[in-house]
Amino acid sequence: MVANRQSPQGTPSSDELLRLVIESAKDYAIFSMDPNGIVTSWNSGAERVLGYSDEEMIGHSADVIFTPEDREAGVPDEERMHAQVHGRAEDDRWQVRSDGSYLFASGLTMPLEDRSLGFVKILRDRTEQHQAEARLRENEERFRILATSIPQLVFRSRGDGNRTWGSPQWVEFTGLSLKESVGFGWLDAIHPDDHELTHSAWRDAATTGDYYVEHRVRRQSDGEFRWHQTRARRVEGDEIMSGDWVGTMTDVHDLRGLKDRQQMLMAELQHRTRNLLAVVQSIANQTLRTSTSLETFGSEYSSRLRALGRVQGLLARAEANVDLRDIVNSELAAHVNSSKEDSIRIEGQSVALPAASAQALGLALHELATNAVKHGALAQDDGKLDVVWKVSPDGRVTLNWNESGVNMPNKERPKRKGYGSELIERALPYQLNAETKLEFATDGVRCAITVSAGQS
């Protein structure tokens with residue numbers, strides 16, 4: 001291949017030096033072929049890479065290292081022809097070892113200086129690298145399919161938030177193209193008030209290895225900033241994505257709204273519970289003060305708790321305000337039997353009462369109904385009861401409880417007021433800023449209660 005030159009005594013000739021170099025290149029298969037592809041030399045690297053010894057190959061066709069499919073397609077001849085015309089032929093393809101196994105190799109075929117002598121081919125085994133690249137391509141494809149299929153906004157970035165890629169979902173949601181989003185352009189979609197929080201989370205992630213933040217992201221369709229929960233982690237053990245962080249941005253706007261509503265409801269529940277316990281305690285104290293015996297206390301206290309429970313049931317079903325008619329109907333239904341239904345008239349428009357008003361009026365109606373069942377219109381055959389209410393232009397509702405046809409006991413009103421009188425004449429004005437009037441007429445009880453429908 002190289003002309004023989006004279007060398008000083010004891011110094012290898014140029015041909016010998018070339019031979020030593022070629023034999024030392026054990027990671028490379030280097031061999032020469034005549035113009036027809038018959039092997040004329042075969043180095044130790046070729047034996048190591050391809051498995052054939054020089055005795056097996058010299059004098060035989062080099063085409064044996066090509067796959068059957070390539071041989072059938074005439075690839076070896078095409079390669080040598082290309083090298084002859086263009087001075088070199090490069091290829092990256094599967095080759096065949098002596099044991100029939102395959103290796104992926106990068107090859108270079110060049111004509112010898114004296115082209116009539118044939119060609120030299122240099123070939124290197126790149127199987128591991130090729131397989132690694134194939135695995136990475138496969139991983140990249142799997143990542144692409146996953147990242148573009150899930151509803152979250154997916155991204156890749158550096159450890160400081162410098163974004164290198166955003167999924168189609170990100171582009172569609174924000175309206176920022178991939179070109180506009182790379183680097184720190186993606187911050188244009190983040191609410192300005194959340195920029196520092198977003199940067200701070202990236203600084204923390206450098207230490208913790210996890211990125212987490214909740215911030216607002218602008219939706220291009222309507223310009224609304226919606227809360228997103230953004231998480232990212234550093235990619236480990238991946239050559240192509242080494243140093244990258246992969247993350248998702250999940251829309252939690254509605255979830256945050258539900259959480260805020262839950263907290264508001266919990267606060268309202270705690271408020272109502274405290275108020276309810278105060279009412280229960282007040283009922284207990286007042287009932288105990290006006291009871292003549294423990295037996296009387298137990299009966300009246302239980303009755304009033306049941307009345308309170310009926311109002312609470314209405315509040316629970318209504319979730320907020322309660323219609324006055326429902327309170328009246330519920331309380332009378334608990335006291336009136338079917339024989340007295342025709343003697344009762346209930347009339348009034350729909351009026352929504354807040355919890356405090358509903359609770360106090362329910363207890364007042366319970367006291368009036370209890371008295372009527374014991375002594376008044378609901379106890380005597382000729383007794384009549386009208387429960388009527390009207391709403392004034394200023395938003396205050398006046399409820400009138402009027403009994404008639406009652407043969408009232410001919411005696412003075414007791415000097416010591418009972419729980420019902422205390423509740424109507426003193427508690428309601430104090431609790432609800434109500435105006436009340438309670439009268440024991442000769443033919444029955446008259447009671448008027450005026451409260452603001454908006455009183456809380």
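Structure shown above.
Glancing now at the pattern of salt bridges. Within this structure, the stated rule accounts for 25 salt bridges. Where Asp92 meets Arg126, a salt bridge forms, and the shortest distance between an N and an O atom there is 3.8 Å. Here Asp92, found in strand 3 (residues 89-96), pairs with Arg126, found in the loop between strand 5 (119-125) and helix 6 (127-147); they are 34 residues apart in sequence, far enough to count as distant. The salt bridge partner of Arg226 is Asp251, with a shortest N-O separation of 2.7 Å. Of this pair, Arg226 sits in strand 9 (residues 225-234) while Asp251 is found in strand 10 (residues 245-251), placing the two residues 25 residues apart along the sequence.

A few words now on the environment of Lys121. Following the sequence through the fold, Lys121 ends up in strand 5. C-alpha separation for the pair Lys121 and Trp42, spaced 79 residues apart in sequence, amounts to 10.0 Å. Not counting residues within four places of it along the chain, the set of residues in contact with Lys121 comprises Ala29, Ile30, Phe31, Met33, Phe66, Glu79, Asp91, Gln95, Leu108 and Thr109.

To continue, consider the sheet that holds strand 16 (residues 435-441). Taken in spatial order, the five strands line up as 12-14-15-17-16 in an open sheet, and their pairing is mixed. If you trace the sheet from one side to the other, it starts and ends with strand 12 (344-347) and strand 16, each paired once. Along the sheet, successive strands turn relative to each other by an average axial angle of 5°, direction set aside. When strand 16 meets strand 17 (residues 444-452), the two strands line up antiparallel, connected through seven bridges. Across the sheet, Lys437 pairs through a bridge with Ala448, a residue of strand 17. The strands that helix 14 (residues 419-432) touches are strand 16 and strand 17; relative to strand 16, the one it contacts most, it runs at about 170°.

In a packed pair of helices, the relevant descriptors are the angle between the two axes and the axis-to-axis distance. Two numbers describe how helix 12 (residues 324-333) lies on helix 13 (residues 355-374): the axes approach to 10 Å, and their chain directions differ by 35°. Note on packing geometry: the crossing formed by helix 12 with helix 13 is right-handed. On helix 13, the residues touching Leu324, Ile327, Val328, Glu331 and Leu332 of helix 12 are Ala358, Leu361, Gly362, Leu365, His366 and Ala369.

Locating Arg325 in the fold gives a position in helix 12. Take Arg325: its relative accessible area is 29%, and that puts it in the partly exposed class. In the structure, Arg325 is positioned 27 residues away from Ala352 in sequence and 9.1 Å away in space, judged by C-alpha atoms.

Take unusual backbone geometry next. Backbone geometry at Asn433 places phi at a positive 55°, although glycine is not the residue there. The exposed category is assigned to Asn433, whose relative accessible area is 55%.

Attention now moves to the nonpolar core. Counting residues in hydrophobic clusters, the biggest one holds 49 residues, and the most contacted among them are Leu324, Leu332 and Trp401. Those elements giving two or more residues to this core turn out to be helix 10 (253-290), helix 11 (294-318), helix 12, helix 13, strand 14 (384-391), strand 15 (396-404), helix 14 and strand 17. No other element matches the nine residues that helix 13 contributes to this core. Among all residues touching Leu324, those that are not within four sequence positions of it are Val351, Leu353, Leu361, Trp389, Val397 and Leu399. Counting 20 residues, the second-largest nonpolar core is a separate cluster that includes Met33, Val39, Val75 and Phe119.

Criteria and thresholds
- Residues numbered from 1 in each chain as written.
- Predicted model: local features only at pLDDT ≥ 70, side-chain atom pairs only at ≥ 80, totals over all residues.
- Heavy atoms only, no water.
- Salt bridge = Lys/Arg side-chain N within 4 Å of Asp/Glu carboxyl O.
- Helix = DSSP H or I, 4+ residues; strand = E, 2+ residues; numbered from the N terminus.
- Contact = heavy atoms within 4.5 Å.
- Pairing = 2+ DSSP bridges.
- Axes fitted to C-alpha atoms, helices over the stretch in contact; angles between N-to-C directions.
- Left-handed = near helix turned anticlockwise from the far one by under 90°.
- Buried < 20%, exposed > 50% of the residue type's maximum accessible area, 1.4 Å probe, protein only.
- Core = buried A, V, L, I, M, F, W, Y, C linked by side-chain atoms within 4.5 Å.

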